[in-house]
Structures are given as C-alpha cells and as structure tokens.
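Secondary and tertiary structure notes
Here's the letter readout for the chains.
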Amino acid sequence: MVEKGIKNKLEIVVTEDKTAAALGSGLLPVFGTPYMIAMIEQTAAESAAPYLEEGQGTVGTHLDVDHLAATPIGMKVTCETELIEVDRKRLEFEASVYDETGLVGKGYHTRFIIDNARFMEKAEAKKNA
C-alpha cells in the first residue's frame, strides 16, 4: 500500500548527454531542465513501485518545477522526492534537486496509479481510432 512519507533519492553525474545543449533545451553545456524533470519522475516512480500491487504502475501527469541554478558537466546531482499526499490513485510528490554546492531545482510532481495492461490497451487503441 502506497502511503504518505515514502522517500527516495537518486544521484547522477552531469555528462554531455544530460546537458541543455544535447537535449535541445538550450545552447549551453550545463545540466538540462528536461533531464532534471526526467530525474524527478524517475525518483518518484521508483519510490512508489515497491508498494504497488502486481500489474500496477504509475504514470506522471503533472510537474510544477523551478530550475534555479546551473550545474556544469562533471558535477554530481542528487534528486530527493517525498510522497506528501495520497488521494486514492493520485500521488503528490515534493521534489528537491541539489548539486554539490546547493539547491538547483525544486517543485511538485503528480503521478497516478494505473493498471498497466488496461493503460496499454487504451494507448494502443489510439492506433485504430
């Protein structure tokens, strides 16, 4: 059972492929916002996964994130999430992202618990619509 208070942490080192320039979100070789957002989603999803029933997963539906500071290639980035609200199948996470000098991002992320098979059936049905 997924309950409020679940936490998770993920660490990476900024490499060329994780930069704004590589991701097309800017021209500079610094940690890219799209990668920070993916990192928040991954950290939150991994935190909930062990508490789900067999055949369930989660999907991200909303992000409200501020990218506050640049992080150059070679620095470590840490993402921490905490589940702050559970409303039936809706999971609300608070996220903080740090580099070795301090806070570089913060925000909120919403995920929903889904039945994997049913979700994929609906997605694949779009091909025939």
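Everything here concerns the structure above.
The paragraphs below set out a description of the structure included in this document. (Residues numbered from 1 in each chain as written. Predicted model: local features only at pLDDT ≥ 70, side-chain atom pairs only at ≥ 80, totals over all residues. Heavy atoms only, no water.)

If you tally the helices and strands in the chain, you get three helices and five strands. Secondary structure of the chain in N-to-C order comes out as β-α-α-β-β-β-β-α. Seen through its C-alpha atoms, the chain measures out along the principal axes to roughly 40 × 40 × 20 Å. Every one of the 129 residues in the chain was classed for burial, and the buried ones make up 35%. Pairs at least 24 residues apart make up 63% of the contacts formed inside the chain by residues separated by at least 6 positions. Summing over all exposed atoms, the chain offers an accessible surface of approximately 7,700 Å²; the carbon and sulfur share of this is 52%. Across the chain, the centroid of the 14 positively charged side chains sits 4 Å from that of the 21 negatively charged ones. (Helix = DSSP H or I, 4+ residues; strand = E, 2+ residues; numbered from the N terminus. Buried < 20%, exposed > 50% of the residue type's maximum accessible area, 1.4 Å probe, protein only. Contact = heavy atoms within 4.5 Å. Areas by Shrake-Rupley, 256 points an atom, 1.4 Å probe, with all protein chains shown as cover. Lys, Arg positive; Asp, Glu negative; His and termini not counted. Charge placed at Lys NZ, Arg CZ, Asp CG, Glu CD.)

Now for the pairing of strand β3 (residues 76-87). Pairing between strand β1 (residues 7-13) and β3: seven bridges, direction antiparallel. When the bridges of β3 are listed, N8 appears paired with T81. Pairing of β3 with strand β4 (residues 90-99), which is carried by ten bridges, proceeds in the antiparallel orientation. Its bridge partner lying in β4, T81 is registered against A95. Where β3 folds back onto β4 in an antiparallel hairpin, the turn is made up of two residues, including R88, whose phi is positive at roughly 55°. (Pairing = 2+ DSSP bridges.)

Throughout the structure, instances matching the rule amount to seven salt bridges. With its nearest N and O atoms 2.6 Å apart, the salt bridge here joins R90 to E85. The class of E85 is partly exposed, set by a relative accessible area of 36%. A single network of salt bridges, built from pairs that share partners, joins E85, D87, R88, R90 and E92. (Salt bridge = Lys/Arg side-chain N within 4 Å of Asp/Glu carboxyl O.)

On to the environment of A117. With respect to the helices and strands, A117 occurs in helix α3 (residues 116-125). Judged by relative accessible area, A117 falls into the partly exposed class, the value being 47%. As for A117 and G57, which are separated by 60 residues in sequence, their C-alpha atoms are 9.6 Å apart.

Okay, the side chain of H109 next. Counting through the fold element by element, H109 comes out in strand β5 (residues 102-115). Residue class for H109 comes out buried when judged on its relative accessible area of 0%. Reaching out from H109, the side chain makes a polar contact with the side chain of R111 at a distance of 3.0 Å. (Polar contact = N/O pair within 3.5 Å; in protein donor to acceptor, adjacent residues only side chain to side chain.)

Let us now look at helix α2 (residues 33-48). Here α2 contains 16 residues, and its C-alpha end-to-end distance of 23 Å stays within 8% of the 22 Å for a straight helix at 1.5 Å per residue. Where α2 is concerned, the buried positions are M36, M39, I40, T43, A44, S47 and A48. Taken down its axis, α2 places every buried residue within 160° of arc, on the same side. Against the buried residues of α2 lie β1, β2 (56-67), β3, β4 and β5. (Expected span 1.5 Å × (residues − 1). Arc of directions from axis to C-beta.)

Once that is clear, we can look at the side chain of N8. Within the element layout of this structure, N8 appears in strand β1. A distance of 2.9 Å separates the side chain of N8 from the backbone oxygen of T43, its partner in a polar contact. Beyond its immediate sequence surroundings of up to four residues, N8 is in contact with T43, E46, S47, C79, E80 and T81.

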